[in-house]
Amino acid sequence: MRATMNLDDPICLCFRVSRRKLINFVKRERPKVPSQLSECGGAGTGCGWCIPFLKQIHRTISVPDATAELEQLSPEEYARRRAAYVRSGGGTPPAGAEVLPDAESSPGASTSG
Ligand code: FES
């Protein structure tokens, strides 16, 4: 397991938009509000999980001293948190979006059909 998210890890798991793409978008387009990051590959317009992180990226670029929670998260933990968010009814990923990892390892559990 890798320590933390890197630039090529997708931040928007619904639309596979990497952190690098989002950072470059913010540097290039200078969006005034984080919601404008949706113009970057549709980021944030699926289940909505990544929106707080889009805000962090927007803020980190606009305010260079801001510490991003993303620096502390592994890609696995990030995906797990999104799965918990989606399962708790937070939002619905679009068809074909990244699959949700298992909530927890439950040996013997299987799906039929
Ligand atoms: S992870 Fe970005 S909208 Fe679902």
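What counts and how
Residues numbered from 1 in each chain as written. Predicted model: local features only at pLDDT ≥ 70, side-chain atom pairs only at ≥ 80, totals over all residues. Helix = DSSP H or I, 4+ residues; strand = E, 2+ residues; numbered from the N terminus. Buried ≥ 20, exposed ≤ 12 C-beta atoms within 10 Å, placed from the backbone. Contact = placed C-beta atoms within 7 Å. Expected span 1.5 Å × (residues − 1). Arc of directions from axis to C-beta.

I would appreciate a short explanation of the overall build of the protein in the present structure.
The helix and strand inventory of the protein stands at three helices and two strands. Listing the helices and strands of the protein from first to last along the sequence gives β-β-α-α-α. Looking at the 113 residues of the protein, the share that counts as buried comes to 26%. Partitioning the contacts of the protein with sequence separation of at least 6, the portion at a separation of at least 24 is 56%.

What exactly am I supposed to notice about helix α2 (residues 51-62) here?
Here α2 contains 12 residues, and its C-alpha end-to-end distance of 16 Å stays within 8% of the 16 Å for a straight helix at 1.5 Å per residue. For α2, the set of buried residues is F53, L54, I57 and H58. Down the axis of α2, the sector holding all buried residues measures 145°, keeping them to one side. On the buried face of α2, the contacting elements are β1 (10-12) and α1 (19-29).

How should unusual backbone geometry be read in this particular structure?
The phi angle of most residues is negative, glycine excepted, and most peptide bonds adopt the trans form. In this model, R16 sits at a positive phi of 55°, which is unusual for a non-glycine residue. With respect to the element layout, R16 can be found in the loop between β1 and β2 (17-18). Since 15 C-beta atoms lie within 10 Å of it, R16 is described here as partly exposed. One non-glycine residue, R30, adopts positive backbone phi at about 50°. One can find R30 in the loop between α1 and α2.

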